Amino acid sequence: MKASLAKGIISGRRALRQQRRASLSPFPAAALGCGPLHLESSLLDDRSKTYQRFMSSATLREIPQQDITAQMASTQSNSMPNDYGSSNPQSLCLANISEFLKDLERAAAWNHGKPGKRHDSHLWEPEFCRSVVQKFDAFLSDAVAAKQYSNSQSTVSKEQAILLSPETVTLAVKALVKSHLETHELSTQIRSWERALGQLRQTPLTDHLSLRLLTANGKAGNIGRVLSLLQLRKARHYQPRHREFWYAITSLQAAQPKLRNIFCNDSEQPLIDNPTRWLDAILLNMHQRDFPLTAGLANHMLKCFVAGYSGKAVHHFYRVSRQAVLSLPVEERPANDVIENMPTQSVSFQPSDDEKQNDKYIGCYREQPVKVNVQYHAASPPFYKIPSQVRGKLLPDLRKENDSAKNSNTMNNRSEGGVFKIDRETDPNYSIPLSAAFSFAESLQHGACGHEGIRLNTGSYNVLIQACVQRGALWRAMHLVDEVMSSSDDASTKPNTMSFNLIIAGLARVGDVMTMQDYYHKLLAAQLQPDAWTVRAIVDGLLNLGDVSAAATVVQDLFNQHSVLPPYTTHMKILELCLGRSMVYEAKRHVYFLQQLWHWEPNEYHDEAFVKLMRATQRNTQLQKPALQQLFRYFGAELLDSDFL
């Protein structure tokens, strides 16, 4: 610990010497995404408001501070000593700094320095990481406020030089990434830290620190910051690493879920829905730094085109409704002890005459227990969404229809003949992001931005299949599996279980059980083993059509034939839809199957992975007797002790 502390002091002194010699800020404008910091008066005013917000919020700070200068006394901020025995981090003694650095190193280490697997969630304490991050954030906030209100170039203390050294900031960024924050929270936090460090101008942007900042911004989805840091590392001739390009691509994936609206057309989506321009910038940076393009990075780039399902690929088969228990016939009402466990909701009711005469009576709504019901829609998906309904049929050519409508100013003109669904899906205007995905994959094969061409493997085609499924191009996805991958002589491009799972899941979303069964048989004919996601996809397709009895039977058959189980959420979905449709017998039949899993014991034919899965299923509290009884009461049914073995 003493060695690391001395190293921090030496690096802090080295930072001061470098700052006096260099006229450029340690955090340049290119890395921060803003202009020269000494000209950003509006940024300083905004930071002042941010500081006041931090000082007035007790939930965001675990280290309330006293006033830094006499000018801050008028703010009347809450002040009390922090966890390290000082009321001001600017005046922390060396011993208190040592204690904080010890916690910071522990928060930044994998599993906090405990022995075990690197990604063991049981050894990972996000709350501890957040507490350390909040203390470092409070220090940065007070340091910026002190510099802002002092209006002078004050001498940097030894403690502040240690806390602002590149090594300390790197540990803080690592702890921030391990805090398990939401994407938008991580984005806001890392941007705030970069602005604070840019204003303080005490932290040189070293190779390791820039890499850690790039990693944090990549996970936060800050695309502009990531590309700026890539350019900075290229300008400073830092050694290129696989990690920086991986997280540069990750920034595109992290930004998509919070920006894309799946209910809008492709033309109404944000520009990030087609990430080709940013991927080209990353490829160009890699080529200029002589870093080769690998198949793993190429597949990671293709995943940027998988942004979520569109309206062409989904259909809502059922809805959840609630009905007041008191409005049910007397013979259909649950028992009183069951009603106590049912959900409540403010529903309308018919008031009595006494209630109408009461002066305190307001409105016709009252909090009452309700019964949850699942109601299936009578309308089926449009025929053009279901592959089995358009097999061998010609569909109108949308391009000719649009041209005819423009030329004749009428919407009744239709072209003679038509096109098959596969031809419509391969049209570039069907989905611009989908066409961009295939164009980008083709450019990778021929060499993009100066790189050598690569061969697409099974993982590459699986990403393209997923992109097709999410855009509603099921025929194009099936063409990739049936024609492109299956007919290839290269073993590295043969379809695997995931290839069939993606198609089966896409067919399940539109309720095409017939085609879904065909591809399940193709999976078995290819000598592939179904897995948990295969079972889940098949069950989802049957549940979408309302065949809950067949869904429960499929789970039992696949367990007996292939020793495979779906995720536990599939068991819960079967039970909820059974109870929501008042099919209590089917729900109890599936509960009987779960009881068989409780008493399961391995034999010499079971492998280690399956035994581990079964033990985890048996320990799952959501599938135990108390949780199942509570679930039945929630839907107004009873699961008695006599129903258990």
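You'll find the structure just up there.
This is a predicted model, so every value here is computed, not measured.

Rules used in this analysis
- Residues numbered from 1 in each chain as written.
- Predicted model: local features only at pLDDT ≥ 70, side-chain atom pairs only at ≥ 80, totals over all residues.
- Heavy atoms only, no water.
- Helix = DSSP H or I, 4+ residues; strand = E, 2+ residues; numbered from the N terminus.
- Contact = heavy atoms within 4.5 Å.
- Expected span 1.5 Å × (residues − 1).
- Buried < 20%, exposed > 50% of the residue type's maximum accessible area, 1.4 Å probe, protein only.
- Phe/Tyr/Trp six-rings, centres within 6.5 Å; stacked < 30°, edge-to-face > 60°.
- Lys NZ or Arg CZ within 6 Å of the ring centre and 35° of its normal.
- Salt bridge = Lys/Arg side-chain N within 4 Å of Asp/Glu carboxyl O.
- Lys, Arg positive; Asp, Glu negative; His and termini not counted.
- Core = buried A, V, L, I, M, F, W, Y, C linked by side-chain atoms within 4.5 Å.
- Axes fitted to C-alpha atoms, helices over the stretch in contact; angles between N-to-C directions.
- Parallel < 35°, antiparallel > 145°, perpendicular 65-115°, else oblique.
- Left-handed = near helix turned anticlockwise from the far one by under 90°.
- Nonpolar A, V, L, I, M, F, W, Y, C, P; charged D, E, K, R; others polar.

Peer 1: Got a minute to help me understand the side chain of Thr570 in this structure?
Peer 2: Mapped onto the elements of the fold, Thr570 is located in helix α25 (residues 568-580). Dropping the residues within four chain positions of it, Thr570 is found in contact with Arg536 and Val539.

Peer 1: Would you mind going over helix α7 (residues 166-177) with me for this structure?
Peer 2: Turn by turn, an α-helix covers 3.6 residues, leaving residues three or four places apart pointing in a common direction. For α7, built from twelve residues, the straight-helix expectation of 16 Å at 1.5 Å per residue is met to within 8% by its first-to-last C-alpha distance of 17 Å. The buried count for α7 comes to nine of twelve residues, which makes it a mostly enclosed element. What α7 keeps buried is the set Pro166, Thr168, Val169, Thr170, Ala172, Val173, Lys174, Ala175 and Leu176.

Peer 1: Sorry if this is basic, but what is going on with α25 here?
Peer 2: In this model α25 runs 18 Å from its N-terminal to its C-terminal C-alpha over 13 residues, within 8% of the 18 Å that 1.5 Å per residue would give. Those residues of α25 that sit buried are Thr570, His571, Met572, Ile574, Leu575, Leu577, Cys578, Leu579 and Gly580. One or two positions beyond α25, positive phi appears at Ser582, with a value near 60°.

Peer 1: Hey, could you run me through the packing of aromatic side chains in this one?
Peer 2: Where two aromatic rings form a pair, the distance of their centres and the angle of their planes describe that pair. Within the structure shown, the criterion is met by eleven aromatic pairs. Note on Phe136 and Phe139: the rings are 6.1 Å apart at their centroids and 45° apart in plane angle, and the pair reads as tilted. On the criterion of helical spacing, the pair formed by Phe136 and Phe139 is a turn pair, its members being three residues apart in helix α5 (residues 126-150). Note on Phe139: relative accessible area 4%, which makes it buried. Consider the rings of Tyr634 and Phe635, whose centres lie 5.4 Å apart with planes at 75°: the pair is edge-to-face. Overall, the relative accessible area of 30% leaves Tyr634 in the partly exposed class. Three or more aromatic residues joined by ring pairs form one cluster here, namely Phe559, Phe593, Trp600 and Phe610. Positioned above the aromatic ring of Trp278, the side-chain terminus of Arg277 is 5.4 Å from the ring centre. We note Arg476 situated over the ring of Phe438; from NZ or CZ to the ring centre the distance is 3.8 Å.

Peer 1: It is not clear to me how the pattern of salt bridges should be interpreted in this structure. Could you clarify?
Peer 2: Opposite charge on two side chains permits them to pair, given that their charged atoms come into close proximity. A complete count under the given rule lists 16 salt bridges for this structure. Residue Arg233 pairs with Asp207 through a salt bridge whose shortest N-O separation is 2.8 Å. You can see Arg233 sitting in helix α10 (residues 223-235) and its partner Asp207 sitting in helix α9 (residues 207-220), a full 26 residues away along the chain. Neither Arg233 nor Asp207 differs from the other in exposure class; each is buried. Two residues, Lys625 and Asp641, come together in a salt bridge whose shortest N-O distance is 3.1 Å. In this pair, Lys625 sits in helix α28 (residues 625-634) while Asp641 sits in the segment after α28, placing the two residues 16 residues apart along the sequence.

Peer 1: Looking at this structure, I do not really get the side chain of Lys174. What am I missing?
Peer 2: Its location among the elements puts Lys174 in helix α7. Buried charge Lys174 goes without a salt bridge, the closest partner of opposite sign being Glu105 at 10.0 Å. Setting aside chain neighbours within four positions, we find Lys174 in contact with Ala108 and Arg212.

Peer 1: Which parts of the structure should I look at to understand the environment of Ser267?
Peer 2: Its place among the elements puts Ser267 in the loop between α11 (242-255) and α12 (276-288). Expressed as a C-alpha distance, the spacing of Ser267 and Pro433, which sit 166 residues apart in the sequence, is 9.4 Å.

Peer 1: So what exactly am I meant to see when it comes to the environment of Leu197 here?
Peer 2: Checked against the element boundaries, Leu197 lands in helix α8 (residues 183-200). Between the C-alpha atom of Leu197 and that of Leu140, which follows or precedes it by 57 residues, the distance is 7.7 Å.

Peer 1: Where do I start with the nonpolar core in this structure?
Peer 2: A general tendency of soluble globular proteins is for nonpolar side chains to be buried together. With 140 residues, the main nonpolar core has Leu140, Ile282, Met286, Met301, Leu444 and Ile465 as its most contacted residues. Examining the composition of this core, we find that nine residues originate from one element, α5, more than from any other.

Peer 1: Any chance you could explain the packing of α5 against α8 here in plain terms?
Peer 2: Helix-helix packing is characterised by the crossing angle of the two axes and by the distance between the axes. Put simply, α5 and α8 touch, their axes get as near as 10 Å, and they point 40° apart. Taken as axis vectors, α5 and α8 run oblique relative to one another. Handedness of the α5/α8 crossing: left-handed. Mapping the contact onto sequence places Val133, Phe136, Asp137, Leu140, Ala143, Val144 and Lys147 in α5 and Gln189, Trp193, Ala196, Leu197, Gln199 and Leu200 in α8. Residues of the contact of α5 with α8, tallied by class, amount to nine nonpolar, two polar and two charged.

Peer 1: Looking at this structure, how should I read unusual backbone geometry?
Peer 2: Excluding glycine, a negative phi dihedral is what most residues carry, and trans is how most peptide bonds are arranged. The phi torsion at Asp290 lies on the positive side, around 60°, for a residue other than glycine. The residue Asp290 is located in the loop between α12 and α13 (295-302) in this model. Owing to a relative accessible area of 67%, Asp290 belongs among the exposed residues under this scheme. Of note, Ser563 is a non-glycine position whose phi angle comes to about 55°, a positive value. Mapped onto the fold, Ser563 is located in the loop between α24 (548-562) and α25. You can call Ser563 partly exposed: its relative accessible area is 34%.

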